[in-house]
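Given next are the chains, with one letter for each unit.
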Amino acid sequence: MNQAEASVSSKLPELGTTIFTVMSKMAQDFGAINLSQGFPDFEPPERLLEAFRQRLSGGHHQYPPMHGVAALRTQIQKKLERFYQVTVDSETEITVTSGATEAIFVTVQALVHPGDEVVIFDPAFDAYAPAVALAGGIAKHLQLTGPHFEVDETALEQVVSSRTRLLIINSPHNPCGGLINRETLEHIAALANRFDFYVLSDEVYEHMVFDGHRHVSAIEIPALRRRTLMISSFGKTFHATGWKVAYCVAPPNLTIEFRKVHQFVTFTTHTPCQWAIADFLANDGGHIADLSKFYERKRDLFNALLSPLGFQLLPSQGTYFQLADYSRIPALAGLTDTACANTLTQDYGVAAIPISVFYKTPPKNQRLIRFCFAKDDETLKLAAERLALRLKDKATP
Ligand code: GLN
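Residues numbered from 1 in each chain as written. Predicted model: local features only at pLDDT ≥ 70, side-chain atom pairs only at ≥ 80, totals over all residues. Heavy atoms only, no water.

## A closer look at the environment of Asn174
Phase 1 of the analysis: Position of Asn174 among the secondary structure elements: in the loop between strand E5 (164-170) and helix H7 (182-195).
Phase 2 of the analysis: Of the residues examined, Asn174 reaches a relative accessible area of 4% and is grouped as buried.
Phase 3 of the analysis: Between the C-alpha atoms of Asn174 and Glu203, which are 29 residues apart in sequence, the distance is 9.8 Å.
Phase 4 of the analysis: Dropping the residues within four chain positions of it, Asn174 is found in contact with Pro123, Phe125, Tyr205, Thr319, Phe321 and Arg370.
Phase 5 of the analysis: Among the polar contacts made by the side chain of Asn174, one reaches the side chain of Arg370 at a distance of 2.6 Å. (Helix = DSSP H or I, 4+ residues; strand = E, 2+ residues; numbered from the N terminus. Buried < 20%, exposed > 50% of the residue type's maximum accessible area, 1.4 Å probe, protein only. Contact = heavy atoms within 4.5 Å. Polar contact = N/O pair within 3.5 Å; in protein donor to acceptor, adjacent residues only side chain to side chain.)

## A few points about the site of the ligand
Phase 1 of the analysis: Contacts to the ligand come from Phe20, Gln37, Gly38, Phe125, Asn174, Tyr205, Lys236, Phe321 and Arg370.
Phase 2 of the analysis: Here Gln37 contributes a side-chain N or O atom positioned 2.8 Å from an oxygen atom of the ligand.
Phase 3 of the analysis: Between Arg370 and the ligand, the recorded distance is 2.7 Å, taken from a side-chain N or O atom to an oxygen atom.
Phase 4 of the analysis: Relative to its unbound accessible surface of 300 Å², the ligand loses 80% to contact with the protein. (Near = heavy atom within 4 Å. Areas by Shrake-Rupley, 256 points an atom, 1.4 Å probe, with all protein chains shown as cover.)

## Focus: the nonpolar core
Phase 1 of the analysis: With 98 residues, the main nonpolar core has Leu156, Phe311 and Phe371 as its most contacted residues.
Phase 2 of the analysis: Examining the composition of this core, we find that 7 residues originate from one element, helix H4 (residues 100-111), more than from any other.
Phase 3 of the analysis: Look past the residues within four positions of Leu156 in its chain and what remains in contact with it is Val119, Phe121, Leu142, Val151, Leu167, Ile188 and Leu191.
Phase 4 of the analysis: Ranked by size, the runner-up nonpolar core spans 29 residues in total, among them Leu48, Phe52, Ile76 and Phe238. (Core = buried A, V, L, I, M, F, W, Y, C linked by side-chain atoms within 4.5 Å.)

## What about the packing of aromatic side chains?
Phase 1 of the analysis: Considering all chains together, one arrives at 19 aromatic pairs under this definition.
Phase 2 of the analysis: The structure contains a cluster of three or more aromatic residues connected by ring pairs, namely Phe42, Tyr205, Phe210, Phe294, Tyr295, Tyr320, Phe321 and Phe373.
Phase 3 of the analysis: Lying across the ring of Phe321, Arg370 places its NZ or CZ 3.5 Å from the centre.
Phase 4 of the analysis: Above the plane of the ring of Tyr348 lies Arg390, whose end atom (NZ or CZ) is 5.5 Å from the centre. (Phe/Tyr/Trp six-rings, centres within 6.5 Å; stacked < 30°, edge-to-face > 60°. Lys NZ or Arg CZ within 6 Å of the ring centre and 35° of its normal.)

## Quick look at the pairing of strand E8 (residues 246-249)
Phase 1 of the analysis: Neither face of E8 is exposed, since Ala246 and Cys248 on one face and Tyr247 and Val249 on the opposite face are all buried.
Phase 2 of the analysis: Sheet topology note: the strand E2 (residues 94-97)/E8 ladder contains 4 bridges and is antiparallel. Each residue of the ladder has a partner; that of Ile94, found in E8, is Val249.
Phase 3 of the analysis: Here strand E7 (residues 228-233) runs beside E8; their pairing, made up of 4 bridges, is antiparallel. Within E8, the position partnered with Met230 by the bridge is Val249. (Pairing = 2+ DSSP bridges.)

## Here's the deal with the packing of helix H3 (residues 70-84) against helix H10 (residues 271-282)
Phase 1 of the analysis: Closest axis-to-axis distance for the H3/H10 pair is 8 Å, and the angle between their directions is 40°. Regarding H3 and H10, the two cross each other, and that crossing is left-handed. Here Ala71, Leu72, Gln75 and Lys79 of H3 come into contact with H10, specifically with Gln274, Trp275, Ile277, Ala278, Leu281 and Ala282.
Phase 2 of the analysis: The residue inventory of the contact of H3 with H10, partitioned by class, reads 7 nonpolar, 2 polar and 1 charged. (Axes fitted to C-alpha atoms, helices over the stretch in contact; angles between N-to-C directions. Left-handed = near helix turned anticlockwise from the far one by under 90°. Nonpolar A, V, L, I, M, F, W, Y, C, P; charged D, E, K, R; others polar.)

## Observations regarding the sheet that holds strand E12 (residues 353-354)
Phase 1 of the analysis: The strand order across the open sheet formed by 4 strands is E9-E10-E13-E12, and the pairing between neighbours is antiparallel. Two strands bound the open sheet, and with one partner strand each, they are strand E9 (312-313) and E12.
Phase 2 of the analysis: The pairing of E12 with strand E13 (residues 368-372) spans 2 bridges and is antiparallel. Note on E13: the bridge partner recorded for Ile353 is Arg370.

## As for the side chain of Ser36
Phase 1 of the analysis: Mapped onto the elements, Ser36 comes out in the loop between strand E1 (33-34) and helix H2 (46-56).
Phase 2 of the analysis: Ignoring sequence-local partners within four residues, the contact set of Ser36 consists of Met23, Ser24, Ala351, Ala352, Ile353, Arg370 and Cys372.

## A few points about the sheet that holds E8
Phase 1 of the analysis: Spatially, the 7 strands line up as an open sheet ordered E2-E8-E7-E6-E5-E3-E4, and their pairing is mixed. Since the sheet does not close on itself, it has two edges, and those belong to E2 and strand E4 (138-143), each with one partner. Going from strand to strand, the sheet's axes swing by 20° on average, the running direction of each strand aside.
Phase 2 of the analysis: The sheet contacts of H3 involve E2, E7 and E8, and relative to E2 the element is tilted by about 115°.

## Quick look at H10
Phase 1 of the analysis: When the terminal C-alpha atoms of H10 are compared, their 17 Å separation across 12 residues agrees well with the 16 Å that a helix rising 1.5 Å per residue should span.
Phase 2 of the analysis: Burial analysis of H10 places 9 of its 12 residues in the buried class, the great majority of the element.
Phase 3 of the analysis: Within H10, burial applies to Thr271, Pro272, Cys273, Gln274, Ala276, Ile277, Ala278, Phe280 and Leu281.
Phase 4 of the analysis: Check the buried side of H10 and you find it contacts H2, H3, E2 and helix H11 (287-306). (Expected span 1.5 Å × (residues − 1).)

## Section: the environment of Glu46
Phase 1 of the analysis: Its location among the elements puts Glu46 in helix H2.
Phase 2 of the analysis: Classification of Glu46 by relative accessible area gives partly exposed; the value is 48%.
Phase 3 of the analysis: Separated by 159 residues in the primary sequence, Glu46 and Tyr205 place their C-alpha atoms 21 Å from one another.
Phase 4 of the analysis: One polar contact links Glu46 to Arg53, side chain to side chain, over a distance of 3.1 Å.

What follows is the structure, encoded as structure tokens:
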């Protein structure tokens, strides 16, 4: 007997499947080299894998503490001291989560009441706005401006008010590769103190910063410290995005609220992975210190391969993403960014991400796509060859 489907009143009626899943599936279906979703095509450090193997046979198969394995939280505390000269209490200020996406969701659910406003800078990672909507919050979208996609401080002053509960920043920035500077953070701190709001600082690309720049963490700014929830992850840093181990650093009163939600979202995070990461962090053989140089070289290689093809490459100061403007490539210039990403994936054999999906109101006629260069050199060369071949075909009448 046929039964009619039960009707469902969607809580996210406008939303489809995340662009990362859509493009990775398209890449697979069409046999394209996947430079869309951000993940490396090479292995994590061997010593991390060895630590994991060891910990698999060490009896670490039951629930860890809800806020994370103590040894891992201690290593995170040391890492914060080492890189930012900031001392936090590993018991009351660090919570291990199952990926940064969980930590973002938990932060928003824990702090945002129905009707509260949350400031989001577009283009923005696609997990922010749905989390706000599910909490009943109101997202206030501001656009980043200029070649480095900077915060427009005047526009920011006009949008924040006593209705603002939370402001979300992301540096190094996905998808643009920009860095927030200390002055902007100080400005945000002044506004946060004046209007009494919190700051979610998404810093998952903290260890990939190029050209001699230094990443400034929001927790380094004394006036922001007691209002900030800093979120980072080991997925990017250790080439292990599938491990889904991340953490949130926040003052004790915010951490209490954070954990109230975290305990009923995932409760805990995979135990052997936490131990393995703790072991590796105790002596990473220079992995983190060398990571920026490792990715800077890949960025330079990728840029050298792509610019002769007519792509204009925007400055990428951090992350493993490169924005490319295709408006000067006759075969592509007429396409919207979504059509361009689809064409490149299906027809050219190289998958990319359109940028318009990261905006509430995308700028008209913007011709930008994002490539991920966290790939073996051979993969990057092959991708450039494929693009060159098809572009040459198109150019010949
Ligand atoms: N952060 C990754 C990216 O931007 C994707 C994460 C995800 O797929 N949820 O490509």
